[in-house]
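# Close look at the chain arrangement
Each chain, letter by letter, is given below.
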Amino acid sequence: MEILDFSDELEVKVKKYQRGEAANLEVLKDKKLKGQLADREELFKKSANAAAKAEKWLMQTEAGRLEADGIEKTWRFDQHAIAKEVDVASRKNQFDLILPDLGPYTLDYTASGRYMVAAGRKGHVALIDLHTMKPIKDMQVRETVRDVVFLHNELFFAAAQKKYTYIYNQAGAELHCLKEHGSALKLQFLKNHFLLSSINKFGHLHYQDITTGQMIGNYRSGLGRSDVLQVNPYNSVLCSGHAGGTVSMWKPTSAAPLVKMLCHRGPVTAISFHPNGHLMATAGMDKKIKIWDLRKYEAIQMLPGHAKSLDFSQKGLLATSTGSFIQVLATSDSQDYSRYMIHTMAKGYQINKVLFRPYEDVLGIGHSNGLSSVLVPGSGEPNFDSWVANPYETSKQRSEKEVRVLLDKLPPESIILDPTNIGTLSIKKKKEKRTKQDLEEEKEAAVAAVKNVHLKKKTKGRSKPSKMARKKQEGIEQAKRSFVEKNEGGGANKKQKRITEMSDLPVALLPFASRKTS
Amino acid sequence: MRVKVISRSTDEFTRERSNDLQRVSRNYDPNLRTQEKAVEYVRALNAAKLDKVFARPFIGAMDGHLDAVSCMAKNPSHLKGIFSGSMDGEIRLWDLATRKTVRQYSGHQGAVRGLTVSTDGRVLVSCGTDCTVRLWRVPLASGMDSDEDSSDNKSIASYVGSNGFSAVDHQWEGDLFATAGGSQVDIWDHSRSQPVNTFEWGSSSVFSVRFNPGEPNILATTGSDRSITIYDLRTSSPAIKLIMQTKTNSIAWNPMEPMNFTAANENCNCYSFDARNMKEAKCVHKDHVSAVMDIDYSPTGREFVTGSYDRTVRIFQYNGGHSREIYHTKRMQRVFCVKFSCDASYVISGSDDTNLRLWKAKASEQLGVILPRERKKHEYMEAVKNRYKHLPEVKRILRHRHLPKPIYKAGILRRTMADAAKKKEDRVRAHSTPGSMPRKSVRKNRIVREIE
């Protein structure tokens, strides 16, 4: 029994590493190509197997979990109960920073989850190292700050201020003032492409390449002011939610959106994407939170409730927040999202943003009275890859990584809805020739249609039965004639007929025989 | 309730001392890496561009001969040396690392037409238009760098034949060597001054001889009657003769698949044959614009190099219809002989302008000692390039070669002529009764007939 289970587990793991189905090689006629592709498929299988087997040794850290015994529900446990069961180091991750005067706070984490930048609406910007819990830089920009994002690492961040967007470095020095973005409401950074995108109060989208400083795209969304902007990490497509309930998806090289979906009956208040790229959660003023399948553009689940902010974690948990109430939803085996955990804050706190911290079981909360952080077991990916994001990076490793990531910088044209399409063939559909049967059927259908047409009864003796019968016959003949003209097979038959008639002529003269005799 | 939260201790993920290696954790989960294919594509593009940046195949020219280089020979037991014979009778032994002459063997009165080294690498056999076959002593590897010892520059033996010789080749495992002269093929032993055996088929002159690497008793020759003949030493008569439309200048056996050989033909193509089934060619390698003079296989059996009358050297895949690489220089004139070095990294060409040139087999290869990390990186770049080499941007960069204008124009002209001939054939076929003009494959239609 145990052996079976192990091999089943291995199957599941191998599937994860195979990245799709093997190609169908039976349809190939070219033997050389078939042999080469068969070799390749063998290699892919081998590597998937090796990766699945190596998982046992490579995955050092265990994932978090919260399990309830018997009739208990997991959402009955609050942070105090969890804190009692957890070790000291993890309890450090639960904290509340009370900063009541400087406006609702928004926050962002670096990709490694080690650094956090938080900005209060009234101009307070703080850069914090979460391993040592020390603020690296604390500054007051003396202007409204609407949003902050980290750029490619913790050395740079961008703040959307009252009139323009500014880029600062870790020491707080202002490096750039990006005037073209205007008064941005939300900022997003596309990591693979080094593009800083923003949506401003007129609903204009901007894409700027921060390595060259060039503005790649500047598009009017045409749907009015919107302050919901999210990037889909799977395919780097930018999504904005609008007041009419539509969600539009944008890429930097076209002025028209890729997709426009009508999601809600009122304004869209929040969007978030699942890391696997198939799921999108949207929340609207119509008191609904919908989970969409992006392959079919269908809503697979609808949950009741408002949500000012949504976020998916690395393991697929969904955090929603309204007012001072946060709920975390998780899928069990039924593939539906249900309540997993709850966190209520004191009544006056208005939660502005929730964001899961990468590679940790922590949910960061930015609210009107400062910042908080709560534990959500099972939300973070336990095992990081040093070459993707390393929370324990030294400065030398960080500078090497910067160079490597810049070498692999993707061009903005590579943003497409399905990123696995790169490198595949674009097959032109051939017009299928209709078979004889199809033609026959079509002819009969046309004739039947003509027969069903009701002729109008005319007055003054113009609707005599003989006339009506003749008209009907003419209609049928017309329908049949159009088919005879279209029929491609007719020509070949004619030619064959001619050749068989000419078979008495010698071979050399056949091409020159006149057609009059046919 | 059971709770567990991710908790990592810093010691597990950071190094203890500054002279330790940094710790690396790996997670191969595809979900952590988004847009893998786009990243790979960008890397393939960069790899193709870097390939072109580092493509400097020419290493050096070996200068010294006073007349055109007519033939070359490799020493199977010594990588660094190569023998070359020129049209004025001088034979030189070159050290490839320093590109200098180590020994000069003079003695031939006329052009040296063929050179070959014995199986143990101690004796060099040469033949020439002065009707002689001469044997010379090859210095030991350790003695290669020392000063010339005058006693070694005289031939060990010199055998006179009945007519001028045009080629010589030694058995890969054995003591016999074969010469081609007049219309006969002679088999000699080192110690006998007369041939041990003679083969003759027809009255046309024989141009080149090659022994099979796998079967030491089989050899192939080419003749001026546009034929390729295969002989077996154990029988007293030749085995198979294949007549083509144009003359074959040279043959090379595939050392890894000894039943296959490739023939360098006068009509600018090379034809690969399976010696067991000579009814049709296995593959036609087309890319030269003038007669192909010489051909040699790489010891891996996967590539071969050809030198042609159109002043270029091309490297083909063993089963590829077109060349993967072309080398040319303004100073290199008609290429008469080419050799692939025994470690499959270099190509040596001997040409009309009295120089031997040393080229890299892979133009952008890094020579010298490569660190394991560098090697892994090269292998990765190669693999990612091969995965995306069919996409237009990458293909355009990989395919791009600068060709000298006459060759470029000649290539276009040949293509226009071939297209015109094909169009005409299609039209004639369209105007004739269906079935009266069967299509002939290129692999077959250059063969006139096969004789047992």
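As the structure is a prediction and not an experimental result, all values here were calculated from the model.

## A short note on the overall build of chain A
- For chain A, the helix and strand inventory stands at eight helices and 29 strands.
- For 518 residues, the compact-globule estimate of 2.2 N^0.38 gives 24 Å, and chain A exceeds it by more than 25% at 33 Å.
- Taken over the C-alpha atoms alone, chain A extends approximately 100 × 70 × 60 Å along its principal axes.
- Relative to its 518 residues, chain A shows a buried fraction of 42%.
- Long-range pairs, those at least 24 residues apart, make up 45% of the contacts in chain A with a sequence separation of at least 6.
- Total accessible area computed for chain A in this model is approximately 29600 Å², and 53% of it derives from carbon and sulfur atoms.
- Counting 81 positive and 59 negative side-chain charges, chain A places the averaged centre of each group 13 Å from the other.

## Here's the deal with the sheet that holds strand 25 (residues 325-331) of chain A
Residue and element names in this part refer to chain A.
- Spatially, the four strands line up as an open sheet ordered 23-24-25-26, and their pairing is antiparallel. The sheet is open, and its two edges are formed by strand 23 (309-312) and strand 26 (337-344), each paired on a single side. Strand-to-strand twist of the sheet, defined as the mean angle between neighbouring strand axes without regard to direction, takes the value 20 degrees.
- Relative to strand 25, strand 24 (residues 318-322) runs antiparallel, the two being bridged by five bridges. The residue bridging threonine 322 from the neighbouring strand is phenylalanine 325, located in strand 25.

## Concerning the sheet that holds strand 27 (residues 335-340) of chain B
All names here are of chain B.
- Spatially, four strands are ordered 2-29-28-27 in an open sheet, and the strand pairing comes out antiparallel. Taken across any chain shown, the strands that pair with only one partner, and hence form the sheet edges, are strand 2 (58-62) and strand 27. Mean inter-strand twist for the sheet, computed between neighbouring axes without regard to direction, equals 20 degrees.
- As judged from the four bridges shared by strand 2 and strand 29 (residues 356-360), these two strands associate in the antiparallel manner. Residue pairing for strand 29: methionine 62 is matched across the bridge by leucine 356.

## Considerations on the pattern of salt bridges
Residue and element names in this part refer to chain A.
- Tallying each qualifying case throughout the model produces 37 salt bridges over all chains.
- For lysine 16, the salt bridge identified is with glutamate 55, shortest N-O distance 3.0 Å. In this pair, lysine 16 is assigned in helix 1 (residues 2-18) and glutamate 55 in helix 2 (residues 31-58), connecting sequence segments 39 residues apart.
- Between glutamate 67 and arginine 65 there is a salt bridge, with the nearest N and O atoms lying 3.6 Å from each other.

## Some remarks on the UniProt feature "repeat: WD" (unreviewed entry) in chain A
- Within the UniProt annotation, "repeat: WD" (unreviewed entry) is assigned to residues 261-302 of chain A.
- Overall, residues 261-302 of chain A shows 0% helix and 60% strand. The separation of its end C-alpha atoms is 16 Å.

## Here we look at the UniProt feature "repeat: WD" (unreviewed entry) in chain B
Residue and element names in this part refer to chain B.
- With numbering matched to this structure, UniProt assigns "repeat: WD" (unreviewed entry) to residues 62-104, 105-138, 199-241, 285-326 and 328-369.
- In residues 105-138, helix accounts for 0% and strand for 59%; the two terminal C-alpha atoms are 10 Å from one another.
- Secondary structure over residues 199-241 splits into 0% helix and 51% strand, and the C-alpha atoms at its two ends are 13 Å apart.

## Quick notes on the layout of surface pockets
Residues and elements named next belong to chain B.
- Taken as a whole, the second largest pocket holds about 1200 Å³ of empty space.
- If you list the elements that add at least two residues to the lining of the second largest pocket, you get strand 3 (69-74), strand 7 (112-117), strand 11 (165-170), strand 15 (206-211), strand 19 (248-253), strand 23 (292-297) and strand 27.
- The class makeup of the residues in the lining of the second largest pocket is 23 nonpolar, 14 polar and nine charged.

## A few points about the interface of chain A and chain B
- The interface is formed by 61 residues belonging to chain A together with 40 residues belonging to chain B.
- Where chain A abuts chain B, roughly 4800 Å² becomes buried across the two surfaces, and 53% of that area is made up of carbon and sulfur atoms.
- In this structure, the connection of chain A to chain B is made through seven salt bridges.
- With a shortest N-O distance of 2.2 Å, Asp385(A) and Arg33(B) are connected by a salt bridge.
- The interface formed by chain A and chain B contains 27 residue pairs in polar contact (both at pLDDT 80 or more).
- Going through the elements one at a time, helix 1, helix 2, strand 1 (65-67), helix 3 (79-85) and helix 5 (395-407) of chain A are the ones with two or more residues in the side of chain A that touches chain B.
- In terms of residues, the side of chain A that touches chain B owes the most to one element, helix 2 of chain A, which gives four residues.
- Classifying every residue of the side of chain A that touches chain B gives 27 nonpolar, 17 polar and 17 charged.
- As judged from the three bridges shared by strand 1 of chain A and strand 1 (residues 2-4) of chain B, these two strands associate in the antiparallel manner.

## Some details on the nonpolar core
All names here are of chain A.
- Formed by 25 residues in total, the largest nonpolar core has its most connected members in Leu238, Met249, Met261, Ile271 and Met280.
- Beyond its immediate stretch of four places on either side in the chain, methionine 280 contacts Val247, Met249, Met261, Cys263, Ile271, Ser272, Phe273, Lys290, Ile291, Trp292, Leu294 and Phe312.
- With 24 residues, the next largest nonpolar core counts Met341, Phe356, Ile365 and Leu375 among its residues.

## Thoughts on the pairing of strand 24 (residues 303-308) of chain B
Residue and element names in this part refer to chain B.
- Along strand 24, six of the six residues are buried, which leaves the element largely enclosed by surrounding structure.
- Going residue by residue along strand 24, you find Glu303, Val305 and Gly307 tucked away on one face and Phe304, Thr306 and Ser308 tucked away on the opposite face as well.
- Pairing analysis gives five bridges linking strand 23 to strand 24, with the strands arranged antiparallel. Along strand 24, the bridge assignment pairs aspartate 296 with valine 305.
- Linking strand 23 to strand 24, which pair antiparallel, is a turn of five residues; within it glycine 301 sits at a positive phi near 75 degrees.
- Counting the residues in the hairpin turn of strand 24 and strand 25 (residues 313-317) gives four residues, including arginine 311, whose phi is positive at 70 degrees.

Conventions adopted
Residues numbered from 1 in each chain as written. Chains lettered and ligands numbered in written order. Predicted model: local features only at pLDDT ≥ 70, side-chain atom pairs only at ≥ 80, totals over all residues. Heavy atoms only, no water. Helix = DSSP H or I, 4+ residues; strand = E, 2+ residues; numbered from the N terminus. Rg over C-alpha atoms; globule rule 2.2 N^0.38 Å. Buried < 20%, exposed > 50% of the residue type's maximum accessible area, 1.4 Å probe, protein only. Contact = heavy atoms within 4.5 Å. Areas by Shrake-Rupley, 256 points an atom, 1.4 Å probe, with all protein chains shown as cover. Lys, Arg positive; Asp, Glu negative; His and termini not counted. Charge placed at Lys NZ, Arg CZ, Asp CG, Glu CD. Pairing = 2+ DSSP bridges. Axes fitted to C-alpha atoms, helices over the stretch in contact; angles between N-to-C directions. Salt bridge = Lys/Arg side-chain N within 4 Å of Asp/Glu carboxyl O. UniProt positions renumbered as here; feature names shortened; annotations may be inferred. 1 Å grid on protein atoms, 1.4 Å probe; cavity = no way out; pocket = protein on both sides within 12 Å on 5 of 7 lines; lining within 4 Å. Points joined across faces, edges and corners; volume = space filled by probe spheres on them. Nonpolar A, V, L, I, M, F, W, Y, C, P; charged D, E, K, R; others polar. Buried area = accessible area lost by both parts, 1.4 Å probe. Polar contact = N/O pair within 3.5 Å; in protein donor to acceptor, adjacent residues only side chain to side chain. Core = buried A, V, L, I, M, F, W, Y, C linked by side-chain atoms within 4.5 Å.

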